[in-house]
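# Fold and contact review
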Amino acid sequence: MPRLLDLKNGQKVKCTFSEDEMNRRVNGLRTHMEENGIVASIFTSYHNINYFSDFLYCKFGRQYGLIITMDKTISVSANIDGGQPWRRTFGGDNVVYTDWHQDNFYFALGEILKDYTGRVGVEYDSVPLDNYKHFEKALPVRPLVDIGVPTMKMRMMKSPEEVALIKQGARIADIGGYACVEAVAEGVGEHEVALAGTQAMVREIADTYPHAELRDTWVWFQSGLNTDGAHNPVTSRRMINGDILSLNCFPMIAGYYTALERTMFLNHVTSDRHLALWEANCEVHRRGLELIKPGIKCSDIAAELNEIYKKYDLLQYRTFGYGHSFGTLCHYYGREAGLELREDVDTVLEPGMVVSMEPMIMIPEGQAGAGGYREHDILVVMEDGAENITKFPFGPEHLILKK
């Protein structure tokens, strides 16, 4: 039985981005490789394979890769996927490995790079130790160097085409938000609200990007105690009057993530303390929106917003940073750790970066005002400020849902 196959089934599909945009990315990588004596880069992460080839794989326990040399781009995929990886790999070839022999994925890497000598780039932040050992075995006498951090820095700067797609994502997130609001009512389960939002977003993505694969779009809709964690999964809990609600809509377009997150209450705010906490978090959110602009350090944004929480004796109830980068990422891949609005990140905002502002506090059960409070907008950093591309309203004046 063969170890490797050439499976060009069908025709190449329409790429999400233009040929010029995709070449810009690959050429930027090759410039870095040339400057650092790297003869080949092997990507195994969802985000970098997607970023450099427009192919987003489905792992399901198998290995996937993208090899970029100074003259070749080759994706490596499992036979279970048929010709889809080749159809989606921009500007390059595809090698399929079969299940018939152990470690065929690494055999494929060795075969593709057998005539190359010199340093090989791999993603230190995405390669488990066991895989790294397999790389060393498959690629003997080739020093392995990190390509993960350099490519993260490349992805942090968004092109005009990326910004345009992210703006569409923000618009579609708002559509999901309105569908969720429409579905909210006493006695309705969180899951029903989440389904309404997800369906609305998927349909709009299909209409806007008819050539795109439809995958991974989701909603986390939380109520009551479930609002205490930003990433808490949907349950079948049924809403009751006075519930604190957390709306979280995440449209995924060609591996690119956008988000809308809002605090809401059903019919009335539970108590004066709940209202005061909500208003305090909105104050932090408004100031955060004002602070995002070119030239400011991420850590300085965090420091100033901390002072507002201190004023209300709420700083101890923060649960995470004030915002993060956007692009090819999801809840299971692609975090751009160099662009987060946190005390330990000194990155200076530049035009072309896209970041969120999303302050959150969580008051534990049993305390006055218990629940999680969070707002979330997306901003594109411009030459003279920032453009807020989230249009969904926030705050008590808009989101006490009378049902």
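Structure first, text after, so check above.
The rules we used
- Residues numbered from 1 in each chain as written.
- Predicted model: local features only at pLDDT ≥ 70, side-chain atom pairs only at ≥ 80, totals over all residues.
- Heavy atoms only, no water.
- Pairing = 2+ DSSP bridges.
- Helix = DSSP H or I, 4+ residues; strand = E, 2+ residues; numbered from the N terminus.
- Axes fitted to C-alpha atoms, helices over the stretch in contact; angles between N-to-C directions.
- Contact = heavy atoms within 4.5 Å.
- Buried < 20%, exposed > 50% of the residue type's maximum accessible area, 1.4 Å probe, protein only.
- Arc of directions from axis to C-beta.
- Left-handed = near helix turned anticlockwise from the far one by under 90°.
- Nonpolar A, V, L, I, M, F, W, Y, C, P; charged D, E, K, R; others polar.

This next bit is on the sheet that holds strand E14 (residues 354-357). Read from one edge to the other, the open sheet built from 3 strands follows the order E14-E17-E18, with strand pairing classed as antiparallel. The two strands at the open ends of the sheet, each matched to only one other strand, are E14 and strand E18 (385-388). When strand polarity is set aside, the average angle formed by the axes of neighbouring strands in this sheet is 40°. As defined by bridge partners, E14 adjoins strand E17 (residues 377-382) across 4 bridges and the pair is classed as antiparallel. Pairing of valine 355 across the sheet is with leucine 379, part of E17. Most of the contacts of helix H7 (residues 160-183) go to E17, to which it runs at about 155°, and overall it touches E14, E17 and E18.

Here 4 strands make up an open sheet; going across it, the order is E8-E9-E12-E19 and the pairing mixed. Unpaired on one side and paired on the other, strand E8 (218-223) and strand E19 (400-401) mark the two borders of the sheet. Bridge count for strand E12 (residues 260-266) against E19 is 2 bridges, and the pairing is parallel. Its bridge partner being in E19, phenylalanine 265 is matched across the sheet by isoleucine 400. Sheet contacts for helix H8 (residues 190-208): E8 and strand E9 (244-250); angle to E8, the most-contacted strand, approximately 150°.

What follows concerns helix H5 (residues 129-138). Buried residues of H5: Asn131, His134, Phe135 and Ala138, and no others. Within H5, the buried residues cover an arc of 105° as seen down the axis, which keeps them to one side. For H5, the exposed residues set more than 90 degrees away from the buried face come down to Leu129 and Lys137. Close packing links the buried residues of H5 with strand E2 (38-43), helix H4 (104-112), strand E6 (119-122) and strand E7 (144-146).

With that settled, the discussion passes to the packing of H7 against H8. The interhelical angle for the contact between H7 and H8, taken along N-to-C directions, is 145°, at an axis separation of 8 Å. Read as a crossing pair, H7 and H8 show a hand that is right-handed. Across from Gln168, Arg171, Ile172, Ala173, Ile175, Gly176, Ala179, Cys180 and Ala183 in H7, the residues of H8 making contact are Val193, Ala196, Gly197, Ala200, Met201, Glu204, Ile205 and Thr208. The class makeup of the residues in the contact of H7 with H8 is 11 nonpolar, 4 polar and 2 charged.

So, about the pairing of strand E5 (residues 93-97). Summarising burial for E5: 4 of the 5 residues are buried, a large majority. Across 2 bridges, strand E1 (residues 4-5) lies against E5 in antiparallel orientation. By the bridge assignment, leucine 5 is partnered in E5 with valine 96. Taken together, the 5 bridges between strand E4 (residues 73-78) and E5 define a ladder with parallel strand orientation. Note on E5: the bridge partner recorded for isoleucine 74 is aspartate 93.

On to the environment of tryptophan 218, then. By secondary structure assignment, the location of tryptophan 218 is in strand E8. Residue class for tryptophan 218 comes out buried when judged on its relative accessible area of 11%. Sequence-wise, tryptophan 218 and methionine 362 are 144 residues apart; in three dimensions their C-alpha atoms are separated by 23 Å. Those residues in contact with tryptophan 218, other than ones at most four positions away along the chain, are Thr198, Met201, Asn248, Cys249, Phe250, Met252, Tyr257, Cys330 and His331.

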